[in-house]
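As a plain string of letters, each chain reads:
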Amino acid sequence: MKPRISLITLGVDDLERALTFYRHGLGLKSDGIVGTEFEHGAVAFFELEGGLRLALWPRKSLSHDCGLPVSAPSPTDFCLAHNVSSKAEVDTVMDQASNAGATLVKAAHDTFYGGYAGYFQDPDKHLWEVAWNPQMLPKE
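A brief report on the enclosed structure follows. Source: prediction; values computed, not measured. (Residues numbered from 1 in each chain as written. Predicted model: local features only at pLDDT ≥ 70, side-chain atom pairs only at ≥ 80, totals over all residues. Heavy atoms only, no water.)

## A look at the overall build of the chain
(1) Moving on: Looking only at helices and strands, one finds three helices and eight strands in the chain.
(2) Moving on: In terms of its C-alpha atoms, the chain occupies a principal-axis envelope of roughly 50 × 35 × 25 Å.
(3) Moving on: Across the 140 residues that make up the chain, the buried fraction comes to 36%.
(4) Moving on: Expressed as a percentage of contacts within the chain between residues at least 6 apart in sequence, the contacts between residues at least 24 apart total 49%.
(5) Moving on: For the chain, the accessible area works out to roughly 8800 Å², and carbon and sulfur atoms hold 55% of it.
(6) Moving on: Side chains of the chain carry 12 positive and 18 negative charges; the gap between the two charge centres is 4 Å. (Helix = DSSP H or I, 4+ residues; strand = E, 2+ residues; numbered from the N terminus. Buried < 20%, exposed > 50% of the residue type's maximum accessible area, 1.4 Å probe, protein only. Contact = heavy atoms within 4.5 Å. Areas by Shrake-Rupley, 256 points an atom, 1.4 Å probe, with all protein chains shown as cover. Lys, Arg positive; Asp, Glu negative; His and termini not counted. Charge placed at Lys NZ, Arg CZ, Asp CG, Glu CD.)

In structure tokens, the structure reads:
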């Protein structure tokens, strides 16, 4: 296996709501929901930097495809992180997420590693960290 991830799929309870949150609330670009002509095929894709894609797929469809039963979501199973270029940008993104309907889990604060970060959950309880880390600044 090569050290790369090409697609991150988030199982969601309401695909329309999730699409609205990510596209209109967070400003990620998407062509909308595709694959509706197939049973268990409706999905929304977002192009991210570096060739990575984010997919939103109903939990029931993901369950059907992989063969595992739908289970209760656990927000601490994994966390997606969005690194930004400044402390002020952390606050801006946290406000944007909150205004889009996210639940703020932990307000932005100074971190033990000399950075600044906060946490929110999307409408399906997926955990996101927004962080400014002076050792891991994003490429502009």
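Anyway, onward from the coordinates.
## So, the sheet that holds strand β2 (residues 33-34)
(1) Moving on: If you walk across this open sheet you meet the four strands as β1-β4-β3-β2, and the pairing is mixed. Whereas interior strands pair on both sides, the edge strands pair on one side only; in this sheet they are β1 (7-12) and β2.
(2) Moving on: Sheet topology places strand β3 (residues 43-47) next to strand β4 (residues 53-58); four bridges connect them, and they run antiparallel. Its bridge partner being in β4, F45 is matched across the sheet by A55.
(3) Moving on: Where helix α1 (residues 15-25) meets the sheet, it contacts β1, β2, β3 and β4, and its direction lies at approximately 155 degrees from that of β4. (Pairing = 2+ DSSP bridges. Axes fitted to C-alpha atoms, helices over the stretch in contact; angles between N-to-C directions.)

## Observations regarding the pattern of salt bridges
(1) Moving on: Applying the stated criterion to the full structure yields four salt bridges.
(2) Moving on: In this structure, R53 and E47 form a salt bridge, with 2.9 Å as the shortest nitrogen-oxygen distance. (Salt bridge = Lys/Arg side-chain N within 4 Å of Asp/Glu carboxyl O.)

## A short note on the pairing of β3
(1) Moving on: Relative to β3, β2 is paired through two bridges, and the arrangement is antiparallel. The residue of β3 that forms the bridge with V34 is V43.
(2) Moving on: Taken together, β3 and the strand that follows it, β4, pair antiparallel across an intervening segment of five residues, in which G50 is found at a positive phi of about 70 degrees.

## Focus on the nonpolar core
(1) Moving on: One finds Y22, F46, L56, V90, F120 and V130 to be the most contacted residues of the largest nonpolar core, which totals 25 residues.
(2) Moving on: Of all the secondary structure elements, the ones that give two or more residues to this core are β1, α1, β3, β4, α3 (87-99), β7 (116-121) and β8 (127-132).
(3) Moving on: The contact partners of F46, leaving out residues within four places of it in the chain, are L19, Y22, R23, L28, K29, S30, L52, R53, L54 and L56. (Core = buried A, V, L, I, M, F, W, Y, C linked by side-chain atoms within 4.5 Å.)

## Let's talk about the environment of R23
(1) Moving on: Residue position: R23 is located in helix α1.
(2) Moving on: Sequence spacing of R23 and L80 is 57 residues, and the spatial spacing of their C-alpha atoms is 17 Å.
(3) Moving on: Excluding residues within four positions of it along the chain, R23 makes contact with L28, S30, D31, G32 and F46.
(4) Moving on: Reaching out from R23, the side chain makes a polar contact with the backbone oxygen of S30 at a distance of 3.4 Å. (Polar contact = N/O pair within 3.5 Å; in protein donor to acceptor, adjacent residues only side chain to side chain.)

## A closer look at the environment of P138
(1) Moving on: Tracing the chain through its elements places P138 in the segment after β8.
(2) Moving on: Sequence separation of P138 and V84 is 54 residues, and the distance between their C-alpha atoms is 6.2 Å.
(3) Moving on: Sequence-distant contacts of P138, that is, excluding residues within four places in its chain, are made with N83, V84 and S85.

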